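# A closer look at the structure
These are the residues of each chain, in order.
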Amino acid sequence: MGKGGQGYGKEENLSRKPTKSEGSFPAWAKDVKECEQKYGVSRDYGLSTEEVEKRRKIYGLNELDKHEGPSIWRLILEQFNDTLVRILLCAAVISFVLAWYDGEEGGEMEITAFVEPLVIFIILIVNAIVGVWQENNAEKALEALKEIQSEHATVIRDGKKVSNLPSKELMPGDIVELRVGDKVPADMRVLSLISSTFRVEQGSLTGESEAVSKTVTPVPEDSEIQGKKCMVFAGTTVVNGNCICLVTQTGMDTEIGKVHSQIHEASQNEEDTPLKKKLNDFGEVLTAIIGVICGLVWVINLKYFLTWEYVDGWPRNFKFSFEKCTYYFEIAVALAVAAIPEGLPAVITTCLALGTRKMAQKNALVRKLPSVETLGCTTVICSDKTGTLTTNQMAVAKLVAMGHTPGSMRKFNVEGTTYNPFDGRIQDWPAGGMDANLQMIAKVAAVCNDAGVEKSGHHFVANGMPTEAALKVMVEKMGLPSGLDNGSSSEFGDILCCCQAWNNFERRIATLEFDRERKSMGVIVTSGSGSKSLLVKGAVENVLERCSYVQLLDGSTVKLDEGMKSKILESHESMSKNALRCLGFAYKENLPDEFATYNGDHDHPAHKLLLNPSNYSSIESKLIFVGLAGIRDPPRQEVRQAIEDCRAAGIRVIVITGDNKNTAEAICREIGVFDPNEDFSSRSLTGKEFMDRPDQKKHLRQSGGLLFSRAEPRHKQEIVRLLKEDGEVVAMTGDGVNDAPALKLADIGIAMGIAGTEVAKEASDMVLADDNFSTIVAAIAEGRSIYNNMKAFIRYMISSNIGEVASIFLTAALGIPEGLIPVQLLWVNLVTDGPPATALGFNPPDKDIMKKRPRRSDDSLINAWILFRYLVIGLYVGLATVGIFIIWYTHDSFFGIELSKDGHTIVSYSQLANWGQCHTWEGFSVSPYSAGAQVFRFDGNPCDYFQSGKIKAMTLSLSVLVAIEMFNSLNALSEDGSLLKMPPWVNPWLLLAMSVSFGLHFLILYVPFLAQVFGIVPLSLNEWFLVLLVALPVILIDEVLKFIGRCAFRLQRSQAGKFKAE
């Protein structure tokens, strides 16, 4: 066979690239032999090593394309695609050109002039680095999640079985063996069934809620994906049986690969988030404002660089001073620098990045940075049920056993919601140990079972059918009877030690596979004494139909009459109404004579009976019924509180599930989507019922929770689309490939990290590492907090910049010497403003943050009242910085603070305002003055007193600006609350940031080299007293404005209440 098989594996010439027609070979519509011939392979021999190498060159690896994101350079360039940044870039270029011009002319301030553009460029580069780092950080988090899905396959090559071959090594034509628990590694045609039945869970791809039985029979060529019963698809999971398959498509040619491509294409067009739009609009408005102010400055100072004489009523003899023109152009640049919050892009990016880290600690991995802000205005959560609202781990909730007398039954509540055998116990369990009836239930549940439970990290996971795994966990909670307890039952021993003990006691020699007609599974076992029995479990009605007897508590059996049957079915119906999936247990000791000597030998006559599934019903007859168990996918414990939090926060929860209506309604009632006694018939529809309604939007506008069961992917998309059309901000959860389009369509697509497919994750904005609904609610709360904090520091920075603009504008309007130069403004905006602004991002969330309705996505960052407040504050900043400059020149003391100790000359305000005419003043002289260790003399040119001599006045102006902005950051702790109610220590990071900013300011003041670069000098203690005297009133002014705002709000609310009452 080896040689023949080897030749067969080389029959087809695959040395060329397959054409489209070959690539779309409809394997599902062809019989097995045609498929083998097409792919040039024998199921017994598989592909040869040589053939594998040939096909690898043609088909490549079996993996989804990793779509390369933008290059590093492109990512960096994208950081400059912002109005504010572009304005800043223009200012930097102009500053550089002016610095170069000054250098050519031999200007004295060339070092300072070059520092300014360099600092701007450094700001832009740092901002770009932070943005690029976060992009890469999000992708690394996804790469870590991909490790959960590492896959292997069992393959036949060169006539030998190769276990654990990496699935990426598979080629079209490979022969693969699939078993229970395997994840299907490629699209494949089923060649033969090894077991009597073979079922696959493919809901992640097709949306089907139940496992699908597969066959080898061809189907019509035009069948939909759900109808291709002889095909298995990549990414789906085998839940029952085993079979041999032929790989037909790999990588991007698989069904999952096609959807992956569509999602990638859709992802190329994404809208800006609300915050991004607001900042861009703000940048455009800022550009216009800067243009107008610069124009005004030039118009006001036109007389200084452009003069003319009137001759015969017309202007003549124009004189233009290029030097003066350049000076006022520099003032215009200083205005631009003052108006732009240079640190804002970096602070926003940093705040969002810190927010993503906080969310990651709560198991929410944010893939796209701006999504943090969008989360804060979520109004509707469309949630899947399975695995999000529930644990996606089947657990036995109720066990029904037989009583002492015919017709009597015992009911036990089983605790626990996971596959952890130590999670909960069975309530009211008999203290004297297990009676004969409970022992038989445990035996059937443990031995008539193909599933297993393993510990993976901190979690317990099921291998095989989830319902069977739940039964094994129940057996562990039941424990062992005293006669069977061999000391292996220990928390530190085997996870399923009780099940193992039962399997050791009753050795399984044959299996009667589950099929849809019987709806049961049976196993023939032999005990240590050699006696054989049949153990059966399955759908209660079907098992009961084949039962003739019932086992009582003491192990005795009585005939099953109609009365007992009705009572058992009543218990079953009651459990089913509570969304429990029920399984019945039965056994049989008197097997047909053929099985008396049967030990599993394939040559035994009894084995021939087992090869034909049509014989199973007759073998499973005259059974003895022992009890039933109710199993469910239980809701997560924390979900009910999360739903209540959503209701309090004004967020509606809509459950969209593929599960049946009764189960979904029971879960929704239990978790609080519906009230226990509420009539929710009008708010619970199937997907089809909703699509047939003429008033779909009206249905979606209902207050409270909604449920859509038996929903298909297209239903999800339509619901999301209609909600968005109505102005809702929609968060959508999903885990399957079929959920990806709806995830992409939603404002926030949320994928499951554990159960989610890679396609769903790629389509999402956020990934839940724990697949838990309450994590979404926590992320929304964090998003709201982050947005409020961002609003605080945006307003803080904007108000500070309004003050800087006011300062420069007043300087130009009054005609006094320039009090602040661009490099100083840059230092304030970046270094001294940066730490407090970032620290405001750590403001604690308001206690009632999840008790307020969601903000509208089009809400403005700054309303009219807030703008007025900051205009008042900004005007004060301008007056204070310009005022202290004038005070130093014109006063020898101020409010008792002595200022003349340094020896500087006092001039009149008129002289200061007309300093440009100094050279025409007769007898004007200036005394030298000291600043720290330096002495400034003006013997050669007294008029230098208003240029190089203004260094002390400039230092005072800069220090007042820094101090005011530090105190103003305290005002930003709360939008409306007084500092008496929200004191500074509620955010210790802000106090630390203020200390850092003051420390940095002291650094440039008292380190000579830095003082020279920034054009400042050290200040005396008296001068610091003056700085604090001028700066502190900013707190009092804003406290008064906040008080007025609170009073106005209370008045407005009381009037609204009266109007409502009338």
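The rules behind the values
- Residues numbered from 1 in each chain as written.
- Predicted model: local features only at pLDDT ≥ 70, side-chain atom pairs only at ≥ 80, totals over all residues.
- Heavy atoms only, no water.
- Helix = DSSP H or I, 4+ residues; strand = E, 2+ residues; numbered from the N terminus.
- Polar contact = N/O pair within 3.5 Å; in protein donor to acceptor, adjacent residues only side chain to side chain.
- Contact = heavy atoms within 4.5 Å.
- pLDDT = per-residue confidence, 0-100.
- Disulfide = S-S within 2.5 Å.
- Buried < 20%, exposed > 50% of the residue type's maximum accessible area, 1.4 Å probe, protein only.
- Salt bridge = Lys/Arg side-chain N within 4 Å of Asp/Glu carboxyl O.

## Here we look at the side chain of threonine 378
The topology assignment puts threonine 378 in the loop between helix 14 (371-375) and strand 13 (380-383). One polar contact links the side chain of threonine 378 to the main-chain carbonyl oxygen of leucine 375, over a distance of 3.0 Å. Contact partners of threonine 378, with chain neighbours within four places excluded, come to Ile651, Val729, Ala731, Ile780 and Pro854.

## Notes on the confidence of the model for the protein chain
Model confidence for the protein chain is summarised by a mean pLDDT of 80, while 85% of its residues fall at 70 or above. Within the model, pLDDT remains below 50 along residues 1-22, and this stretch shows 32 contacts once partners closer than five positions in the same chain are excluded.

## Considering the environment of isoleucine 175
Locating isoleucine 175 in the fold gives a position in strand 3 (residues 175-178). With 72 residues separating them along the chain, isoleucine 175 and valine 247 place their C-alpha atoms 6.5 Å apart. Other than its neighbours up to four places away in sequence, isoleucine 175 contacts Val41, Ser42, Arg43, Gly46, Thr154, Val155, Ile156, Leu191, Ile244, Cys245 and Leu246.

## Structural notes on the state of the cysteines
As enumerated under the stated definition, the model contains one disulfide in all. With a sulfur-sulfur separation of 2.0 Å, cysteine 918 is cross-linked through a disulfide to cysteine 943. Because the torsion about its S-S bond is -95 degrees, the bridge between cysteine 918 and cysteine 943 counts as left-handed. On the criterion of sequence distance, the pair formed by cysteine 918 in the loop between helix 33 (909-913) and strand 33 (929-931) and cysteine 943 in the loop between strand 34 (934-936) and helix 34 (951-971) is long-range, its members being 25 residues apart. A relative accessible area of 2% means that cysteine 918 is categorised as buried. Judged by relative accessible area, cysteine 943 falls into the buried class, the value being 17%.

## Regarding the environment of valine 1007
As for its position among the elements, valine 1007 is in the loop between helix 35 (988-1006) and helix 36 (1008-1014). Residue classification places valine 1007 among the partly exposed residues on the basis of a relative accessible area of 31%.

## As for the pattern of salt bridges
Summed over the entire model, instances satisfying the criterion amount to 28 salt bridges. For arginine 518, the salt bridge is made with glutamate 620, and the minimal N-O distance between the two is 2.9 Å. Of this pair, arginine 518 sits in the loop between strand 18 (506-512) and strand 19 (520-527) while glutamate 620 is found in the loop between helix 21 (616-619) and strand 24 (623-632), placing the two residues 102 residues apart along the sequence. For the pair arginine 518 and glutamate 620, one class covers both residues: buried. With a closest N to O distance of 3.7 Å, lysine 661 and glutamate 689 form a salt bridge. With lysine 661 in helix 23 (residues 661-671) and glutamate 689 in helix 24 (residues 687-692), this residue pair connects regions lying 28 residues apart in the sequence. With a relative accessible area of 35%, glutamate 689 lands in the partly exposed category.

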